[in-house]
Amino acid sequence: MLVPFFSSRLARFAFLVWAGFSSASGISCTKEAAAPQETTAPETRLVGSTLIGEYSPATLAGRVASIPLAGALVKYPVRAYRLTYSTRNTDGRNVTASGALLVPVAPQALPLLSYQHGTIQPDEENHAPSYYSSSSEIWSAVSVLASTGYVVSAPDYIGYGASKALPHPYEQAASLASASADMLRAAREFCQQEQFALNKKLFLMGYSEGGFATMSLHKLLEEQYAGEFSVTASAPGAGAYHKTAFARHIMNTTEPLPFLSSYVWVLDTYNRVYGLNRPWSYYLNAPWAAQLQANPFGPVPQQAQELFSPGFRQAVISGSDAPLAAAFRDNDVYDWKPKAPLALFHGTADNYVPYFNSEDAYRAMRARGATQVELHPIQGGNHFTSAPSYVLESFAFISQF
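Now for a quick tour of the structure.

Thresholds applied
Residues numbered from 1 in each chain as written. Predicted model: local features only at pLDDT ≥ 70, side-chain atom pairs only at ≥ 80, totals over all residues. Heavy atoms only, no water. Core = buried A, V, L, I, M, F, W, Y, C linked by side-chain atoms within 4.5 Å. Buried < 20%, exposed > 50% of the residue type's maximum accessible area, 1.4 Å probe, protein only. Contact = heavy atoms within 4.5 Å. Pairing = 2+ DSSP bridges. Helix = DSSP H or I, 4+ residues; strand = E, 2+ residues; numbered from the N terminus. Axes fitted to C-alpha atoms, helices over the stretch in contact; angles between N-to-C directions. Expected span 1.5 Å × (residues − 1). Phe/Tyr/Trp six-rings, centres within 6.5 Å; stacked < 30°, edge-to-face > 60°. Parallel < 35°, antiparallel > 145°, perpendicular 65-115°, else oblique. Left-handed = near helix turned anticlockwise from the far one by under 90°. Polar contact = N/O pair within 3.5 Å; in protein donor to acceptor, adjacent residues only side chain to side chain.

## Regarding the nonpolar core
Soluble globular proteins: nonpolar side chains tend toward being buried together. Grouped together as the largest cluster of nonpolar side chains are 54 residues, with contacts concentrated most on Met215 and Phe308. Beyond its immediate stretch of four places on either side in the chain, Phe308 contacts Ile250, Met251, Leu260, Val264, Leu267, Tyr283, Leu284, Asn285 and Arg313. By size, the runner-up hydrophobic cluster in this structure holds 36 residues, among which are Ile67, Tyr150, Phe345 and Phe395.

## Here's the deal with the sheet that holds strand β4 (residues 94-104)
Spatial strand order, β2-β3-β4-β6-β5-β7-β8-β10-β11: 9 strands in an open sheet with mixed pairing. The open sheet terminates on both sides in strands that have one partner only, identified here as β2 (46-55) and β11 (373-378). Neighbour-to-neighbour, the strand axes of the sheet open up by a mean angle of 20°, direction not taken into account. Sheet analysis places β2 next to strand β3 (residues 78-88), joined by 8 bridges and oriented antiparallel. Bridge assignment links Thr50 to a residue of β3, and that residue is Arg82. Sitting on the sheet, helix α6 (residues 209-224) is in contact with β5 (110-116), β7 (198-207), β8 (233-237) and β10 (342-347), with an inclination near 140° to β7.

## Quick word on helix α8 (residues 260-273)
In this model, α8 (14 residues) spans 20 Å end to end at C-alpha, consistent with the 20 Å of a helix rising 1.5 Å per residue. In terms of burial, α8 is largely enclosed, as 12 of its 14 residues are buried. If you check which residues of α8 are buried, you get Leu260, Ser261, Ser262, Tyr263, Val264, Trp265, Val266, Leu267, Thr269, Tyr270, Asn271 and Val273.

## Quick word on the packing of aromatic side chains
Counted according to the given criterion, the structure contains 23 aromatic pairs. With centroids separated by 6.1 Å and ring planes inclined at 70°, the aromatic side chains of Trp280 and Tyr283 adopt a geometry described as edge-to-face. Linking Trp280 with Tyr283, this pair stays in helix α9 (residues 280-283), spanning 3 residues, or about one helical turn. The two residues Trp280 and Tyr283 agree in class, both being buried. Seen in terms of ring centroids, Tyr282 and Phe312 are 6.0 Å apart; in terms of plane orientation they differ by 65°. Their pairing is edge-to-face.

## Brief notes about the packing of helix α7 (residues 243-252) against helix α12 (residues 310-318)
Where α7 contacts α12, the axes come no closer than 9 Å and their chain directions differ by 140°. On the basis of the axis angle, α7 is oblique to α12. Note that α7 runs across α12; the crossing there is left-handed. Only Phe312, Arg313, Val316 and Ile317 of α12 make contact with α7, whose side of the interface consists of Ala247, Arg248, Met251 and Asn252.

## Side note on the environment of His218
Mapped onto the elements of the fold, His218 is located in helix α6. Classification of His218 by relative accessible area gives buried; the value is 0%. Residues His218 and Pro236 lie 18 residues apart in sequence; the distance between their C-alpha atoms is 9.5 Å. If we skip the residues at most four places from it in the chain, His218 touches Leu204, Val231, Ser234, Trp336, Pro338, Ala340, Pro341 and Leu342. Only 2.9 Å separates the side chain of His218 from the side chain of Glu222, close enough to count as a polar contact.

In structure tokens:
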């Protein structure tokens, strides 16, 4: 059986993830005074800003009308802005990227929350946050979250929005983290210019590719940006944190993999970003090699043995392909010691991004002495049915701080 690049269910993923939103904290915000002066002088990132619109509490509540009690959480009007900013692409060149910034109109200083979106198909450009369309993850529940008292920074990532002419480096940790961090820099610059006061709290959230991006961002901020940012807490959900083990799992499994095409996208990204530059015939059997050479986002079979060449599968399983193994290791973000509280959320029956990714991260972090790491299994949940539980539980987690 062939499947398109993503199933229709995955195409609706951004909407489904946030459809279950019904909880948030009540921290307030202000536009009374300038943001506190930074102790460091980071490079300027903000390029420009555009007001998309201001939305009343009644309008925001209407977007979640089908969810019981969710509308009652709405507190403040929210202004949505499109920011453009400077960041570096995977080749080290400066590019202009974009994202959305949601700012509540409220009377006190409020925290910053970096929200990393999940997978966006190449033909669904308008799902990127900076378009602030009804098909975007930030349109409904995330806007309600902002209304309760968070300034939400939502990067598009490279490959969408202002940088849509560039290929998206799918599931590449360094790019996702740096694009998100530079969006945070731009967000703080904008808030300071517009005299929207921020307090010192910073939260990180995201699910699926957004979960992987959130973990990568948390790691980057603590290890390289400690002079600029202090993470208060993060709550990544269902991310592919252990890429090396994940790749071996794919090559070993005999079960159908309905989302095999998205793994091919990861492979295509690493082949390009890490300069492997191998033809598809190295990775794939005929006729798929020729077909994907012509259209990397074309349909693929669901069996890994049918799609991937025997030599490539064995090289991944044994780790004998040193350059590719190094690329996987470069994207392993499960084994490090976070300082800020971190809660991992994952469905135990996830057959798209297996549960062991979060379990491996939890065990590795605890082994390194990270005492504020929690693992929250969503019992029996798959990648899609777990999303509403992730929303509820992650909001409850960050509201403690």
